[in-house]
Amino acid sequence: MNGFTRRQALITAVAAVAVPALIIPKFARAAEFNLKFGTNLPANHPLNIRATEAAERILKDTGGQVQINVFPNNQLGNDADMLSQLRAGAMDFFTVSGVNVLSQLVAVSSMYGLGFAFSNDDAVHRALDGDLGKYLRGQFTKVGLIAMDNIWSSGFRQITNSVRPITTPNDLKNMKIRVPVSPLWTSLFQHLGAAPASINFAEVYSSLQTKVVDGQENPLSIISIAKLYEVQKYCSMTNHMWDGYWCMSSMKAWNRLPEKVRPIVAQHLNRSALDVRGDVAKLNTSLRSDLQAKGMVFNTPDPAPFRAMLSKSGFYAEWRKKYGEEAWAMLEKYTAKLG
Ligand code: X2X
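Just so it is clear, the structure is predicted and the values come from calculations on it, not from any experiment. (Residues numbered from 1 in each chain as written. Predicted model: local features only at pLDDT ≥ 70, side-chain atom pairs only at ≥ 80, totals over all residues. Heavy atoms only, no water.)

A. Spatial organisation of the overall build of the chain. Scanning the chain from terminus to terminus reveals 14 helices and 12 strands. Taking 20 Å as the expected radius of gyration for a compact globule of 339 residues, we find that the chain reaches 22 Å, a close match to that expectation. Seen along its three principal axes, the alpha-carbon backbone of the chain occupies a region of about 85 × 45 × 30 Å. For the chain, the residues scored as buried account for 54% of the 339 residues in total. Here the chain displays about 14700 Å² of accessible surface, and carbon together with sulfur accounts for 55% of that area. (Helix = DSSP H or I, 4+ residues; strand = E, 2+ residues; numbered from the N terminus. Rg over C-alpha atoms; globule rule 2.2 N^0.38 Å. Buried < 20%, exposed > 50% of the residue type's maximum accessible area, 1.4 Å probe, protein only. Areas by Shrake-Rupley, 256 points an atom, 1.4 Å probe, with all protein chains shown as cover.)

B. Structural view of the pattern of salt bridges. Here the structure, examined in full by the defined rule, presents 14 salt bridges. Put simply, Arg-50 and Glu-53 hold a salt bridge, and the shortest N to O gap is 2.9 Å. Of this pair, Arg-50 and Glu-53 both sit in helix H2 (residues 46-61), three residues apart, which is roughly one turn of that helix. For Arg-50, a relative accessible area of 19% puts it in the buried group. Glu-53 sits in the partly exposed class, given a relative accessible area of 22%. Notably, a salt bridge pairs Lys-333 with Asp-131, separated by 2.5 Å at the nearest N-O pair. Within this pair, whereas Lys-333 is found in the segment after helix H14 (325-332), its partner Asp-131 is found in helix H6 (residues 131-141), the two being separated by 202 residues in sequence. According to the relative accessible area criterion, Asp-131 is partly exposed, its value standing at 34%. Among the ionic contacts, a cluster of salt bridges with common partners joins Arg-50, Glu-53, Arg-57, Asp-275 and Asp-279. (Salt bridge = Lys/Arg side-chain N within 4 Å of Asp/Glu carboxyl O.)

C. Quick look at the nonpolar core. Within the largest apolar cluster, 57 residues are counted, with the highest numbers of intra-cluster contacts made by Leu-114, Leu-136 and Trp-246. The residues touching Leu-136, leaving out its near neighbours within four places in the chain, are Val-108, Ser-109, Met-111, Tyr-112, Leu-128 and Trp-246. (Core = buried A, V, L, I, M, F, W, Y, C linked by side-chain atoms within 4.5 Å. Contact = heavy atoms within 4.5 Å.)

D. Focus on unusual backbone geometry. Here the phi dihedral of Asn-73 falls at roughly 60°; this positive angle occurs in a residue that is not glycine. Secondary-structure assignment places Asn-73 in the loop between strand S2 (66-71) and helix H3 (79-88). Residue class for Asn-73 comes out partly exposed when judged on its relative accessible area of 44%. Residue Asn-174 is not a glycine yet carries a positive backbone phi of 60°. Tracing the chain through its elements places Asn-174 in the loop between strand S6 (158-161) and strand S7 (176-179). When its relative accessible area of 59% is taken as the criterion, Asn-174 is described as exposed.

E. Expanded view of the site of the ligand. Taken together, the neighbourhood of the ligand is formed by 13 residues, with Asn-40, Arg-157, Arg-178, Asn-218 and Tyr-245 sitting nearest. Between the ligand and Arg-157 there is a distance of 3.0 Å, counted from an oxygen atom to a side-chain nitrogen or oxygen. Between an oxygen atom of the ligand and a side-chain N or O atom of Tyr-245, the distance comes to 3.0 Å. Surface burial for the ligand is 100%, taken as the share of its 270 Å² of free accessible area covered by protein chains. Of the residues belonging to the shell around the ligand, the class tally is six nonpolar, four polar and three charged. (Near = heavy atom within 4 Å. Polar contact = N/O pair within 3.5 Å; in protein donor to acceptor, adjacent residues only side chain to side chain. Nonpolar A, V, L, I, M, F, W, Y, C, P; charged D, E, K, R; others polar.)

F. Region of the structure containing helix H5 (residues 121-129). Looking at H5, one finds that the buried residues are Ala-123, Val-124, His-125, Ala-127 and Leu-128. As for H5, its buried residues are in contact with H6, strand S5 (152-156), strand S11 (242-250) and helix H11 (262-293). Between the side-chain oxygen of the N-cap and the backbone nitrogen of Asp-122 there are 3.2 Å, and the N-cap of H5 in question is Asn-120.

G. Main features of the environment of Lys-173. Relative to the helices and strands, Lys-173 resides in the loop between S6 and S7. When the C-alpha atoms of Lys-173 and Asn-73 are compared, they prove to be 32 Å apart, with 100 residues separating the residues in sequence. Filtering out sequence-adjacent residues up to four positions away, Lys-173 remains in contact with Arg-164 and Gly-193.

H. Region of interest: the environment of Lys-252. On the secondary structure map, Lys-252 appears in helix H10 (residues 251-256). Remark: the alpha-carbon pair of Lys-252 and Ala-90, spanning 162 residues in sequence, is separated by 9.6 Å. Once residues within four sequence positions are removed from consideration, Lys-252 is found in contact with Arg-87, Ala-88 and Gly-89. Of the polar contacts made by the side chain of Lys-252, one reaches the backbone oxygen of Arg-87; its length is 3.4 Å.

What follows is the structure in structure tokens.
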């Protein structure tokens, strides 16, 4: 390299470093708190979009003091890994389903996911924004975790598979269905006569593709965004359970934040939770025709025989015993009698 080109190269390198500093003048100094927010969903799911919006508002309203970095799509590990990191204080926020890995720590956290307990989004939101949610969030604090007040909804779940439409419980018989790593999910599908396999979401697409399992269940928004339609043929609108994500932090991470900053962070995260509810409700109703156009075959089974099978097999009685009478009474304040 002669003298001229070396000088040119140096000028170019300096310019490349200098440019970003020119376009972020407002919060150019490093934030005092750099927080990690992990999720298991693809980046274009509304949960990640709204989490990113909350992060922008929090950065602005704390004058650049708190920077939340969103890591979607299991970038920080699968659900089990993220829960451990959260508890160890290595991660600051994790949006985790109460029915999923969290229920291994706090058994009652899965109760809103009991099969056919709720019939519409509003009913679940009333319960989880009300006394049931308050009760559950109180249980989380006992294991050092803190959930923001409003749950980020995912919605009602539908069963997909590559074998046949599910019209009656008989169609589920011995079918290999992937479920999240959670005792309630496994129990629900065992009581329905299927052969459930516990698999973290990070491995769902590949396990369907390689036919380790025949099917899985998720809301239409996730079936679409995670491209599960590429590896699944049938979608049966069973609405068998509702799910959502608690935006969790650990006491360790939360208490590191200055007292006056915490309400700002909570307020924006809760606002995003409410925004996500509208986003997923729209997707869960509008995506059916989209998925049909991509080749999926839909049917809408009558839920009555599925519910009857669960009652008859003792599913509700078993879980009532596990959760205890206090928690069960709290749930039944918001649902029809279960069992
Ligand atoms: O693992 C799943 O199926 C998912 C993405 O819906 C949950 O996080 C419970």
